[in-house]
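# Topology and contacts: notes
The primary structure of each chain is shown beneath.
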Amino acid sequence: MNGHEQFAEDLALHAMHALEGSDLAALEAHLAQCATCRSELESCRGDLALLALSTSGPKPPLRARERLLRTIAAEKASARPWHMLAPHDTRWLSGLAWVGAAAMLLLAVALWQENGTLKQSLAELRVSVGSDQAELQRVRETLAALSAPEAQHITLVAAQQKAQPQGRAIYLRASGRLIFLASGMPALPPQKAYELWLLPLTGNPVPAGVFKPDARGSATVVNPPLPAGLEAKGFAITVEPEAGSALPTSTPSMVGLGS
């Protein structure tokens, strides 16, 4: 056994602050003269620090785990049989404690990492299921509005030109739900948008959604914020600023009245 190997176990114990008495004094005297063993001691301390931090932070480098396992294996291989130890030599007990503590630390790190992965997968699954359920509920509500016998079906036609653009409003007064479908809508000037208005029996028009048609002139407005129970005599469309207006600022280009 050379000068470095005989201190291998003591270096590991010293890194864990488990070396005492004459063994500690002998090791410190050796460290004062041996740069190799001083470097090995600092490496052991660094590996233990990385493993300890892994229970509350990122995964430590794989080299820390490998070095620790190699240290444990070397201690097992170089350990003297118990019947060859002197009666007063109790370092073998400290060595076993070091091996057991290191093994428990590695097990705790592995279990913590696996638990974190499972929690993340469960959270992602819950978000996905919740999103699917919300989308399914929106589809059900839309179908219910389209097929409800009490829904008003109102077609809007061009007020100042031939009936090329067309719009259909499906309105449920009791719940305030509205579905509006438009086709053949003319292109808009820059920074402008169409605004849909609910025409109540009395009072000013009520804003019912701002929209821009696609390249084919089609557009939809689904469930804009409308008060429940508001009776509508019809709907109208004006051209407004992109953000919409509280009241119409232009002459309606399309108007539809209920029967």
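Structure's up top.
An account of the accompanying structure is given in this report. (Residues numbered from 1 in each chain as written. Predicted model: local features only at pLDDT ≥ 70, side-chain atom pairs only at ≥ 80, totals over all residues. Heavy atoms only, no water.)

## Quick word on the packing of aromatic side chains
To describe a pair of aromatic rings, you give the distance between the ring centres and the angle between the ring planes. For the structure shown, the criterion picks out three aromatic pairs. Taking 5.8 Å as the distance between ring centres and 75 degrees as the angle between the ring planes, the aromatic pair formed by tyrosine 171 and phenylalanine 235 counts as edge-to-face. One end of the pair, tyrosine 171, is in strand E2 (residues 166-172); the other, phenylalanine 235, is in strand E7 (residues 232-241), with 64 residues separating them in the sequence. Three or more aromatic residues link up through ring pairs in this structure, and these residues are Phe180, Tyr194 and Phe211. (Phe/Tyr/Trp six-rings, centres within 6.5 Å; stacked < 30°, edge-to-face > 60°. Helix = DSSP H or I, 4+ residues; strand = E, 2+ residues; numbered from the N terminus.)

## Notes on unusual backbone geometry
Its identity is not glycine, yet glutamine 191 carries a phi of approximately 60 degrees, on the positive side. Here glutamine 191 shows up in the loop between strand E3 (177-183) and strand E4 (192-200). Overall, the relative accessible area of 62% leaves glutamine 191 in the exposed class. If you check the backbone angles, asparagine 223 has positive phi at about 50 degrees while not being a glycine. Along the chain, asparagine 223 falls in the loop between strand E6 (219-222) and E7. The class of asparagine 223 is partly exposed, set by a relative accessible area of 28%. (Buried < 20%, exposed > 50% of the residue type's maximum accessible area, 1.4 Å probe, protein only.)

## A look at helix H1 (residues 8-15)
Burial runs high along H1: six of the eight residues are buried. Residues of H1 that are buried include every one of Asp10, Leu11, Ala12, Leu13, His14 and Ala15, and no others.

## Section: the nonpolar core
Ranked by size, the top nonpolar core spans 20 residues in total, and within it Leu156, Leu178, Phe180, Leu196, Phe211, Phe235 and Ile237 carry the most contacts. Breaking this core down by element, the ones donating at least two residues are strand E1 (152-158), E2, E3, E4, strand E5 (206-211), E6 and E7. Setting aside chain neighbours within four positions, we find leucine 156 in contact with Pro165, Gln166, Gly167, Ala169, Phe180, Leu196, Phe235, Ala236, Ile237, Met254, Val255 and Gly256. Judged by nonpolar contacts, the second largest core, of 12 residues, contains Leu13, Ala15, Cys37 and Leu48. (Core = buried A, V, L, I, M, F, W, Y, C linked by side-chain atoms within 4.5 Å. Contact = heavy atoms within 4.5 Å.)

## A few points about the packing of H1 against helix H2 (residues 21-33)
H2 packs onto H1 with a crossing angle of 105 degrees between their chain directions and a minimal axis gap of 11 Å. As the angle between them shows, H1 and H2 are arranged roughly perpendicular. Contacts from Asp10, Leu11 and His14 of H1 reach H2 at Leu24, Leu27, Glu28 and Leu31. (Axes fitted to C-alpha atoms, helices over the stretch in contact; angles between N-to-C directions. Parallel < 35°, antiparallel > 145°, perpendicular 65-115°, else oblique.)

## Re the side chain of serine 245
Within the secondary structure, serine 245 sits in the loop between E7 and strand E8 (254-257). Within the local environment of serine 245, its side chain forms a polar contact with the side chain of glutamate 240, the two groups lying 2.8 Å apart. Ignoring any residue separated from it by four or fewer positions in sequence, one finds serine 245 in contact with Glu195, Trp197, Pro207 and Glu240. (Polar contact = N/O pair within 3.5 Å; in protein donor to acceptor, adjacent residues only side chain to side chain.)

## Re the pattern of salt bridges
Applying the stated criterion to the full structure yields four salt bridges. Here glutamate 141 makes a salt bridge to arginine 177, at a shortest N to O gap of 3.4 Å. Taken together, the residues span a long stretch of sequence, with glutamate 141 in helix H5 (residues 91-147) and arginine 177 in strand E3 at a distance of 36 residues. By relative accessible area, which is 26% here, arginine 177 ends up partly exposed. Residue glutamate 231 is joined to arginine 173 by a salt bridge in which the shortest nitrogen-to-oxygen separation is 3.2 Å. Taken together, the positions of glutamate 231 in the loop between E6 and E7 and arginine 173 in the loop between E2 and E3 put the pair 58 residues apart, joining distant regions of the chain. Residue classification places glutamate 231 among the partly exposed positions, given a relative accessible area of 37%. Taking the relative accessible area as the measure of exposure, arginine 173 reaches 40% and is therefore partly exposed. (Salt bridge = Lys/Arg side-chain N within 4 Å of Asp/Glu carboxyl O.)

## Focus on the side chain of threonine 238
Along the chain, the position of threonine 238 falls in strand E7. For threonine 238, the side chain forms a polar contact with the side chain of glutamate 240, separated by 2.7 Å. Excluding residues that lie within four positions of it along the chain, threonine 238 makes contacts with Ala193, Tyr194, Glu195, Trp197, Pro248, Ser250, Thr251 and Pro252.

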